Amino acid sequence: MKPDLDGECPTYPYAVLPLKSAFPEEDLKTTRSGRLSDASQLWHKYQNKLAEDFFRHAQLNDDNQISERLRESYLNRCLLAIQDIVISIGGNPISQYGMPEPSFDGEHINRDYAMEINYDPVDLADILQTDVSRLTEEQRSIFDRVCRSVDSALGEMLFVDAPGGTGKTFLTKVILAKVRSQSKIALAVASSGIAATLLSGGKTAHTMFKIPIDLDRTENPVCNISRNSDKAKVLRDCSLIIWDECTMANRKAVEAVDRTLRDIKQNNQPMGGITVLFCGDFRQTLPVIPRGTRADEVRACLKSSHLWHYIIPLHLTLNMRAQIGGNQNAQEFSELLLEIGNGVYPQEQGKVVLNENLCSKVSSIRDLISKVYGNPTQILTCENYWLCERAILTPRNDQAATINAEILSLVSGDNVEYISINRVMEEGESTSYPVEFLESLSAPGLPAHKIKLKIGVPIMLLRNLSPPKLCNGTRLKAVKGLWLPAGTCGVASGTVLLSALPPSQLMIKESKWTRN
Ligand SMILES: Nc1ncnc2c1ncn2[C@@H]1O[C@H](COP(=O)(O)OP(=O)(O)OP(=O)(O)O)[C@@H](O)[C@H]1O
């Protein structure tokens, strides 16, 4: 929810924003600050329209007219669903924004289940109508193979080896639409939050399957899902799982899911007999093992799992990104990436040298910045799409800090400095952990002790404080309110997110920081 920046109480249920187009403009009475003035009146006027999907399900199930009692019950379910969205965005129930309070009496709604079966049939039909005929021959053959496995409940495990740009996202979207259009459950997961946002209904594998964080604690980890839970019901009825970026997943995570599914489905086939489509590219990043060697990474990857023997490999080879753009350099670049990934591209002292036609060489960080952003002052006024099209990537945090400092110095405006709390939780330990030591720590996935921001500069979110929308790696832009605890940001892809990030208490267990 929007923080109370200009002295008025927050009254706008922002979750209704996506539904805005459903309401006639004249009914969207807003206050001077752009907030909805009477959400309750809007609900009473449009409740039947908003609850259409719930009524449709009731009619499909009961095959007759809905009684008044049932109608009330479905309206209540609709309110509960809206409340879920509002809470996921702002953390407050809808009654705080003037909407009627939904009742929980006698209702047990399996929200996980409802989410997986409530895909809009019109959207699914649209995808199928436009995209199935566009599949290339190799995409079509994988599509047919997966559909056959789902239709005949073969419970196969398939792996699509898909180098970047070969149309894996496009293909998985069509497969998901096909299976969901048959009123079956198809779950879409990815190993990273950013990849999950590209999948329809996608979640990270850890969230979906409640995979334990510390996989090394036990030899045979299992997921934290009990047989009688709501989640277990979803998994029991699931027909297909698509797992993107499986090549980055620790094999123990996949094995934990396998054990859990066998148990929940009481079926000793791999993955409890559910068809699973793994996607990924072993030429790209393998599982990250902190301070691990190359051998540790290889040992942790899916290919080293006993499950790999059951997996049927399939391949996407045609680079659609290069094909569609018709850009010769894009084709050459995709071939070069494959050669590097396959380890056959020549190296000079452990480094690869790129052809001049595929890159521009720069001699300093300032040159690099001007190559990417032109005059950095335009960052302040540029459109979000311009910012979305450019980024500077670097493998190390210290290099990122240097580049950030340089860009900040070139952009006009005042620096606002944020400093993390630099005290230990147990006062008695303060002599072992002096302030200077705490300030020098640089934890993975967390900002440094001191960060500087200016209005308008792009920021990358390091921690998913509010998944799935704000997952790790989401790019934000500081738009106003930098004096707030953590600023008010807009998502760089265009949607303005009116949300103050809550102060968090995070605990990091890192043996390298234990002082003797
Ligand atoms: N059969 C197709 N017909 C038309 N366009 C396609 C087809 N397959 C893929 N594309 C387009 O090609 C581009 C690359 O596809 P996509 O993003 O699915 O690839 P990807 O393998 O997921 O890439 P990456 O791994 O780099 O994210 C996209 O613009 C996509 O819309």
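Predicted, not measured: the structure shown is a model, and the values here were computed from it.

Right, let's get into the overall build of the chain. If you tally the helices and strands in the chain, you get 18 helices and eleven strands. Buried positions account for 38% of the 516 residues belonging to the chain. Taking the intrachain contacts of the chain between residues at least 6 apart in sequence as the baseline, contacts between residues at least 24 apart amount to 64%. Accessible area of the chain: about 29400 Å², with a carbon and sulfur share of 51%.

Attention now goes to the site of the ligand. Taken together, 14 residues sit near the ligand, with R134, Q139, G165, T169 and F170 positioned nearest. T169 places a polar side-chain atom, nitrogen or oxygen, 2.4 Å from an oxygen atom of the ligand. At 3.1 Å, a side-chain N or O of R321 approaches an oxygen atom of the ligand. Compared with its free state, where it exposes 630 Å², the ligand has 74% of that area covered by protein. With respect to the pocket detection grid, the ligand is positioned in the second largest pocket.

A side chain of one charge can pair with a side chain of the opposite charge when the charged atoms of the two come close. Under the definition given, this model contains 22 salt bridges. When the shortest N-O distance is used, the salt bridge between E406 and R366 registers 2.7 Å. Remark: R366 occurs in helix α15 (residues 365-373) and E406 occurs in helix α17 (residues 397-410); sequence separation between them is 40 residues. With a relative accessible area of 22%, E406 lands in the partly exposed category. Owing to a relative accessible area of 45%, R366 belongs among the partly exposed residues under this scheme. Across the pair R390 and E389 runs a salt bridge, and its minimum N-O distance is 3.8 Å. Taking the relative accessible area as the measure of exposure, E389 reaches 58% and is therefore exposed. Linked by salt bridges that have partners in common, D131, R134 and K173 make up one network.

What follows concerns the side chain of S149. With respect to the element layout, S149 can be found in helix α6 (residues 137-151). Residue S149 is classed as buried on the basis of its relative accessible area, which comes to 0%. Non-local contacts of S149, meaning those with residues more than four positions away in its chain, are made with L154, G155, E156 and T275.

Soluble globular proteins: nonpolar side chains tend toward being buried together. Residues L187, F209, I211, W243 and F278 are the most contacted members of the largest nonpolar core, which totals 38 residues. Among the secondary structure elements, those contributing two or more residues to this core are β1 (157-161), β2 (185-190), α9 (205-209), α10 (230-236), β4 (238-244), α11 (251-265) and β5 (275-280). Contacts of I211, omitting those with residues within four sequence positions, involve A205, H206, C223, W243, A253 and V257. Membership of the second largest hydrophobic core comes to 30 residues, among which are F143, C147, V174 and C279.

Okay, the environment of A391 next. One can find A391 in the loop between α16 (384-388) and α17. Separated by 18 residues in the primary sequence, A391 and Y373 place their C-alpha atoms 8.5 Å from one another. Non-local contacts of A391, meaning those with residues more than four positions away in its chain, are made with V372, Y373 and R475.

Here the focus is the UniProt feature "domain: DNA helicase Pif1-like DEAD-box helicase" (unreviewed entry) in the chain. In the numbering used here, UniProt assigns the "domain: DNA helicase Pif1-like DEAD-box helicase" (unreviewed entry) feature to residues 135-349. Secondary structure content for residues 135-349 is 41% helix and 14% strand, and the end C-alpha separation is 42 Å.

This next bit is on unusual backbone geometry. Of all residues except glycine, most have a negative phi; of all peptide bonds, most are trans. A positive phi is found at S183, a non-glycine position, where the angle reads about 60 degrees. Take S183: it is sitting in the loop between α7 (168-181) and β2. For S183, a relative accessible area of 68% puts it in the exposed group. Residue Q266 is not a glycine yet carries a positive backbone phi of 50 degrees. Note on placement: Q266 falls in the loop between α11 and β5.

How each quantity is defined
Residues numbered from 1 in each chain as written. Predicted model: local features only at pLDDT ≥ 70, side-chain atom pairs only at ≥ 80, totals over all residues. Heavy atoms only, no water. Helix = DSSP H or I, 4+ residues; strand = E, 2+ residues; numbered from the N terminus. Buried < 20%, exposed > 50% of the residue type's maximum accessible area, 1.4 Å probe, protein only. Contact = heavy atoms within 4.5 Å. Areas by Shrake-Rupley, 256 points an atom, 1.4 Å probe, with all protein chains shown as cover. Near = heavy atom within 4 Å. Polar contact = N/O pair within 3.5 Å; in protein donor to acceptor, adjacent residues only side chain to side chain. 1 Å grid on protein atoms, 1.4 Å probe; cavity = no way out; pocket = protein on both sides within 12 Å on 5 of 7 lines; lining within 4 Å. Sits in = over half its atoms within 2 Å of the grid points. Salt bridge = Lys/Arg side-chain N within 4 Å of Asp/Glu carboxyl O. Core = buried A, V, L, I, M, F, W, Y, C linked by side-chain atoms within 4.5 Å. UniProt positions renumbered as here; feature names shortened; annotations may be inferred.

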